[in-house]
Amino acid sequence: MSKQLLTVPLRQSETDNKKVYIETFGCQMNKADSENMLGLLDEIGYKETSYIKDADLMVLNTCAIREGAEDKVYSYLGAWNKIKKAKPGAMIAVGGCVAQDAGQALLKRAPYVDVVFGTHNLQRLPDLVQQAEQTKAPAVEIWQELPSDLPELPVIRNNDITAWVSIIYGCDYNCTYCIVPYVRGREKSRAPEIILKEMQELGQAGYREVTLLGQNVTAYGHDLDSAIHLGDLLRLVGKTESIKRIRFITGHPRDLKVEIIDAVKEVDTACEYFHIPIQAGDDRTLRRMARGYNVDFYRKKIDEIRSRIPEAAITSDLIVGFPGETEQEFMRTISLVEEIGFDSCNTAAYSPRPHTPAASWEGQVSDHEKYERLRFLNSVVTDVALKRNQQYLNKVVEVLAEGKSERNDSRLAGRTRTNKIVNFSGPASLKGQLVNVFVESVNPWALRGVLNEEFSIHKT
Ligand code: SAH
Ligand code: SF4
Ligand code: F3S
């Protein structure tokens, strides 16, 4: 039946020819949320477009982690307003962490925005869009926490080989620099059986790799009645038919219990890859950051990993120029990067954030000094990453072929189990397969190689 035959006039939003353009800033959790937003909007007839000028609805999923990320929101919105003006009826919706924090106040800076929603009420997006369509007035709704019964949200994923699955929301830590607990709320784990069901559906749909997500993924389960931890969950979902690889990010050193490391070792599909941010290599700084561990504790964690899984890749996040950080303390972060030999690090200059104690502390480091430290740290991180990658030279690695290489269309790109990007030549038909690649050259960010001679393709 064609919809045109219906006698009851459809509201515009119920026709299925509307287009949504979505832009996502921030972490993987935000990217996963955007896939839910697309699933939700699809239910009221919005299909995704990658051309913003075609869009009837522009959605900005925002990040508040640093001032720069927040500034970017308002400069994007300014540009989007021009597009909106040129297209009568077009709407702008803003979600994510900046929206959660600003709420109604976002309209003061960007009065042309039609919908503001937060991190706890994604499921309200379709109604809010329809409300704004009908009333021609902004619809703003922010919840202070997630509903106690987490809703199962529809999802439209933009990758057909690798998928994200959120397993825990929020963060119960209160690092003195971080806005995340304020905009994402308390930790809340999804039930293991629901995660398993989602994994099974992904397996049936042909996905090969799943990354389990959380701001503090290593705390998974502590808020559930069943005494389950991330290691148990890995064992539970690890045998999901057709899912060949499972990863998890982001871990907190304090919660990375030996039981979790043991599960990574034992579960075949669990990848030898640990992203466990240390933030700084100096005890006084760690204490003032309220991270809840010292450098020695972190060293022991690394030993626990490497003694069980020597080939594991270990990556981290680092902040330079935390208020009061001296040159000497900063140099301890440099030494630590060299000592641990991180495979890669996300690095950032400290940025004062609202609602966080450190923002109002004395001893703020000047921008000039912060960026000098950042530049030096980045050069060390790069040198160390190169050394780590050189260990792969002339070796054969198992790569999940994910698609065409971004840099060179005639090559394929994929990743090792240790999350190293590998560019290699081969037919596009290999996409989704595990292949063996012989590594011929490396740089600090990726490996490059050729399909191994035997052309051996793992059974998938
Ligand atoms: N939950 C994770 C990190 C989440 S936020 C953890 O605790 O490790 C991602 C990263 O952003 C952090 O690891 C930190 O390095 C960085 N970050 C957070 N707040 C910041 C701030 N105010 N200034 C600079 N970097 C910050
Ligand atoms: Fe932020 Fe600390 Fe929570 Fe990580 S653990 S999200 S840095 S408060
Ligand atoms: Fe940014 Fe929010 Fe993630 S502040 S890093 S998008 S949780």
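Reading the values: the criteria
- Residues numbered from 1 in each chain as written.
- Chains lettered and ligands numbered in written order.
- Predicted model: local features only at pLDDT ≥ 70, side-chain atom pairs only at ≥ 80, totals over all residues.
- Heavy atoms only, no water.
- Helix = DSSP H or I, 4+ residues; strand = E, 2+ residues; numbered from the N terminus.
- Rg over C-alpha atoms; globule rule 2.2 N^0.38 Å.
- Contact = heavy atoms within 4.5 Å.
- Areas by Shrake-Rupley, 256 points an atom, 1.4 Å probe, with all protein chains shown as cover.
- Near = heavy atom within 4 Å.
- Nonpolar A, V, L, I, M, F, W, Y, C, P; charged D, E, K, R; others polar.
- Buried < 20%, exposed > 50% of the residue type's maximum accessible area, 1.4 Å probe, protein only.
- Pairing = 2+ DSSP bridges.
- Domains from an automatic or database assignment.
- Buried area = accessible area lost by both parts, 1.4 Å probe.
- Salt bridge = Lys/Arg side-chain N within 4 Å of Asp/Glu carboxyl O.
- Polar contact = N/O pair within 3.5 Å; in protein donor to acceptor, adjacent residues only side chain to side chain.
- Axes fitted to C-alpha atoms, helices over the stretch in contact; angles between N-to-C directions.
- Left-handed = near helix turned anticlockwise from the far one by under 90°.
- Core = buried A, V, L, I, M, F, W, Y, C linked by side-chain atoms within 4.5 Å.

Trainee: I keep staring at the overall build of the protein chain and nothing clicks. Help me out?
Mentor: In terms of helices and strands, the protein chain carries 13 helices and 19 strands. For the protein chain, whose C-alpha radius of gyration is 23 Å, the value lies close to the compact-globule estimate of 23 Å for 460 residues. Considering only contacts within the protein chain whose residues lie at least 6 apart along the sequence, 73% involve residues at least 24 apart. Working note: accessible area of the protein chain is about 21100 Å², and carbon and sulfur atoms make up 49% of it.

Trainee: Is there a simple way to explain the site of ligand 2 in this structure?
Mentor: In the neighbourhood of ligand 2, the contacting residues comprise Cys171, Tyr173, Cys175, Tyr177, Cys178, Val180, Pro181, Gln215, His252 and Arg291. Its residues assigned to classes, the shell around ligand 2 shows seven nonpolar, two polar and one charged.

Trainee: What exactly am I supposed to notice about the site of ligand 3 here?
Mentor: Taken together, Cys27, Asn30, Cys63, Ala64, Ile65, Cys97, Arg184 and Gln215 are the residues near ligand 3. Along the lines of polarity and charge, the residues of the shell around ligand 3 split into five nonpolar, two polar and one charged.

Trainee: Would you mind showing me how to read the pairing of strand β10 (residues 209-213) here?
Mentor: Two faces belong to every sheet, and in a regular strand the side chains alternate between them. Of all the five residues making up β10, five are buried; the element is thus mostly covered by neighbouring parts of the structure. Taken together, the five bridges between strand β7 (residues 162-166) and β10 define a ladder with parallel strand orientation. What sits directly across from valine 165, in β10, is leucine 212. Bridging between β10 and strand β11 (residues 245-249) involves five bridges; their strand directions are parallel.

Trainee: Could you clarify how one ought to interpret the environment of glycine 321 in this entry?
Mentor: Tracing the backbone shows glycine 321 in the loop between β13 (313-320) and α12 (327-340). Expressed as a C-alpha distance, the spacing of glycine 321 and tyrosine 46, which sit 275 residues apart in the sequence, is 44 Å. In this view, glycine 321 contacts Tyr350, Val365, Lys370 and Arg373; residues no more than four positions away in its chain are not counted.

Trainee: Is there a simple way to explain the domain arrangement of the protein chain in this structure?
Mentor: In many analyses, interface size is given as the accessible surface area lost on bringing the parts together. Segmenting the protein chain into domains produces domain 1 (5-141), domain 2 (155-390) and domain 3 (393-451). The distance between the C-alpha centroids of domain 2 and domain 3 comes to 25 Å. Taken together, the contact between domain 2 and domain 3 spans 23 residues of the former and 21 residues of the latter. Roughly 1800 Å² is buried in total at the junction of domain 2 and domain 3, and carbon and sulfur atoms are behind 50% of that figure. For the domain 2 face of the interface with domain 3, the top three residues by lost area are Ile161, Arg245 and Asn389, together amounting to 35%. Between the two partners, domain 2 and domain 3, sit five salt bridges. The partner of aspartate 343 in a salt bridge is lysine 420, and the shortest N-O contact between them spans 2.8 Å. Applying the counting rule to domain 2 against domain 3 returns 17 residue pairs in polar contact (both at pLDDT 80 or more).

Trainee: Can you help me understand the sheet that holds strand β5 (residues 115-117) in this one?
Mentor: Pairing between the strands of a sheet comes from backbone hydrogen bonds, and it takes one of two forms, parallel or antiparallel. Pairing is parallel in the open sheet, where six strands are placed in the order β2-β1-β3-β4-β5-β6. A single partner strand is all that each edge strand has here, and the edge strands are β2 (46-48) and β6 (139-141). When the angles between neighbouring strand axes are averaged without regard to direction, this sheet yields 20°. The pairing of β5 with β6 spans three bridges and is parallel. From the neighbouring strand, phenylalanine 117 faces β6, where its bridge partner is glutamate 141. Sheet strands touched by helix α5 (residues 125-135): β1 (18-24), β2, β3 (57-62), β4 (91-95), β5 and β6. Its angle to β5, the strand with the most contacts, is close to 155°.

Trainee: Just to check I follow, could you spell out the pattern of salt bridges for this structure?
Mentor: If the charged atoms of two oppositely charged side chains come close together, the side chains can form a pair. Counting across every chain of the model gives 34 salt bridges. When the shortest N-O distance is used, the salt bridge between arginine 353 and glutamate 70 registers 2.5 Å. Of the two residues, arginine 353 is situated in the loop between β14 (344-349) and α13 (367-390) and glutamate 70 in helix α2 (residues 67-86); the sequence distance between them amounts to 283 residues. Taken together, the shared-partner salt bridges in this structure form one network comprising Glu209, Arg245, Arg247, Glu398, Glu402 and Arg415.

Trainee: What should I look at first to understand the packing of helix α7 (residues 192-204) against helix α8 (residues 230-237) in this one?
Mentor: Contact geometry for α7 and α8: axes closest at 10 Å, N-to-C directions at 35°. Regarding α7 and α8, the two cross each other, and that crossing is right-handed. Listed contacts from α8 to Pro192, Ile195, Leu196 and Met199 of α7 are Leu233, Leu236 and Val237. Tallied by class, the residues present in the contact of α7 with α8 amount to seven nonpolar, no polar and no charged.

Trainee: Would you mind going over the nonpolar core with me for this structure?
Mentor: Note on soluble globular proteins: their nonpolar side chains tend to be buried together. Within the largest apolar cluster, 68 residues are counted, with the highest numbers of intra-cluster contacts made by Ile167, Leu212, Leu230, Phe248, Phe274 and Phe342. Of all hydrophobic cores here, the second largest spans 28 residues; its members include Ile52, Ala69, Tyr74 and Leu77.

Trainee: Is there a simple way to explain α5 in this structure?
Mentor: Each α-helix winds once per 3.6 residues, and so residues spaced three or four apart point in a common direction. Looking only at α5, the buried set comprises Leu125, Pro126, Leu128, Val129, Gln130, Ala132 and Glu133. Two residues or fewer after α5 comes lysine 136, characterised by a positive phi angle close to 55°.

Trainee: What's the story with the sheet that holds strand β16 (residues 411-415) in this structure? I'm lost.
Mentor: Taken together, five strands build a closed barrel; the order of strands is β15-β16-β17-β19-β18 and the barrel is mixed. The average undirected angle you get between the axes of adjacent strands in this sheet is 50°. Taken together, the five bridges between strand β17 (residues 421-425) and strand β19 (residues 446-451) define a ladder with parallel strand orientation. If you follow asparagine 423 over to β19, its bridge partner there is arginine 448.

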